[in-house]
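Residues per chain, in single letters:
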Amino acid sequence: MTSAASAGTWRLGDLTVNRIGFGAMRLPGRVAFGSDKRDPKQAIAVLRRAIELGVNHIDTAAFYFTGDLAANDLIARALAPYPDDLVIATKVWPGRSRVTGDWWWAKPAQLREQVEQNLRTLGRDRLDVVNLRVPGSRRNGSIAEHFGALAELRDAGLIRHLGVSNVTAAQLAEAQAIAPVVCVQNAFGIGSPAEERELLRACGEQGIAYVPFFAIAGTGRESGAVTGEHGAVEEIARAHGASPAQVRLAWTLAQGHNVLAIPGTGDLGHLAENVAAGELRLSGADLARLNALGG
């Protein structure tokens, strides 16, 4: 049986995880933040199977929900009491009303409320990793006030490690001047711009995990579908007897030993494919061809 350990391990601070993890965004619904709610029994089965396949890193958020079905609730129902080696990472700053589904952005003083919501719904006394998810409108602004508020919650014992998400290199440096950063979670995949590849490389030099999202989805983003698959991806997939999604995951993992993949799915078959992608080794020619592709 293929294991998530096949791609090797990396560390989130003092926590060691397999490089193939699981993203919970599409667990409650077939399309993230949509109205098509998933069968909770199926979602729970996927989570339990992920653990059986060696996944010990799950990425979630309190705002991952469809209707009355929420990712955090599903994780707690499926996996608590949690395995000792399981690392659950969540994210704050965005908020979403459970009544209307409307989005809002927390002020620094409201981050504690969001952290406590994650503690409560996950059934944890302390969160393993909390990522500060920066809004797109603040990509060139300061994150010091919000990250500083999270650092205070870490000092208070509510959080073990801190990360940042959707950030620039300058924002990462700003955060590191306040408290240690164990991971950067940015959108990244085949065709990503040179500055994002440079940030990935810089994270590796500093021992920081780089955790890409939309590695499979690409331009499909929350819908989970690539808009018009590249012919090169399909050709390489056929040559290896793999799926295009597996090729995208294998390429992502090949970008650095510090890269952690968090593909998400609500389907048992896709879960097995994603984990098996950790065994796929692309050739130098394959990688060069994929590196040359646009977004």
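Residues numbered from 1 in each chain as written. Predicted model: local features only at pLDDT ≥ 70, side-chain atom pairs only at ≥ 80, totals over all residues. Heavy atoms only, no water.

## A closer look at the pairing of strand E7 (residues 87-92)
Next up, step 1: Extensive coverage of E7 is indicated by the burial of six of its six residues.
Next up, step 2: Neither face of E7 is exposed, since Val87, Ala89 and Lys91 on one face and Ile88, Thr90 and Val92 on the opposite face are all buried.
Next up, step 3: Note that E7 and strand E10 (residues 127-133) share four bridges and pair parallel. Paired with Lys91 across the bridge in E10 is Asn131. (Buried < 20%, exposed > 50% of the residue type's maximum accessible area, 1.4 Å probe, protein only. Helix = DSSP H or I, 4+ residues; strand = E, 2+ residues; numbered from the N terminus. Pairing = 2+ DSSP bridges.)

## A closer look at unusual backbone geometry
Next up, step 1: Following Ala80, the chain continues to Pro81 via a peptide bond in cis, the omega torsion being -5°.
Next up, step 2: Along the polypeptide, Pro81 turns up in the loop between helix H2 (71-79) and E7.
Next up, step 3: The backbone of Phe33 sits at a positive phi, close to 65°, despite the residue not being glycine.
Next up, step 4: Looking at where Phe33 falls in the secondary structure, it is placed in the loop between strand E3 (22-23) and helix H1 (40-52).
Next up, step 5: Relative accessible area serves as the criterion here: at 25%, Phe33 is assigned to the partly exposed category.
Next up, step 6: A positive phi angle, close to 110°, is found at Trp93, a residue other than glycine.
Next up, step 7: With respect to the helices and strands, the residue Trp93 is situated in the loop between E7 and strand E8 (94-96).
Next up, step 8: Given a relative accessible area of 2%, Trp93 falls into the buried group.

## Some thoughts on the pattern of salt bridges
Next up, step 1: In this structure the tally under the stated criterion is 12 salt bridges.
Next up, step 2: Arg124 is the partner of Asp128 in a salt bridge, and the nearest nitrogen-oxygen pair spans 3.5 Å. You'll find Asp128 and Arg124 in the same group, each marked buried.
Next up, step 3: A salt bridge links Glu229 to Arg248, with the nearest nitrogen and oxygen atoms 2.9 Å apart. (Salt bridge = Lys/Arg side-chain N within 4 Å of Asp/Glu carboxyl O.)

## A short note on helix H6 (residues 194-205)
Next up, step 1: With 12 residues, H6 should cover 16 Å at 1.5 Å per step; its first-to-last C-alpha distance of 17 Å lies within 8% of that length.
Next up, step 2: For H6, the complete set of buried residues consists of Glu196, Leu199, Leu200, Ala202 and Cys203. Projection of H6 onto a plane perpendicular to its axis shows the buried side chains occupying an angular sector of 165°, all on one side. Set apart from the buried face of H6 by more than 90 degrees, the exposed residues are Ala194 and Glu205.
Next up, step 3: Its buried side turned inward, H6 meets helix H5 (169-176), strand E12 (183-185) and strand E13 (209-210).
Next up, step 4: Among the residues trailing H6, Gly207 stands out with phi positive, at a value near 75°. (Expected span 1.5 Å × (residues − 1). Arc of directions from axis to C-beta. Contact = heavy atoms within 4.5 Å.)

## A few points about the side chain of Arg124
Next up, step 1: Within the element layout of this structure, Arg124 appears in the loop between helix H3 (111-122) and E10.
Next up, step 2: A polar contact of 3.5 Å, which involves the side chain of Arg124, links it to the side chain of Asp128.
Next up, step 3: Contact partners of Arg124, with chain neighbours within four places excluded, come to Tyr82, Leu86, Ile88 and Leu119. (Polar contact = N/O pair within 3.5 Å; in protein donor to acceptor, adjacent residues only side chain to side chain.)

## Brief notes about the sheet that holds strand E11 (residues 159-165)
Next up, step 1: An order of E3-E4-E7-E10-E11-E12-E13 is seen for the seven strands of this open sheet, with the pairing classed as parallel. The sheet is open, and its two borders are formed by E3 and E13, each paired with just one other strand.

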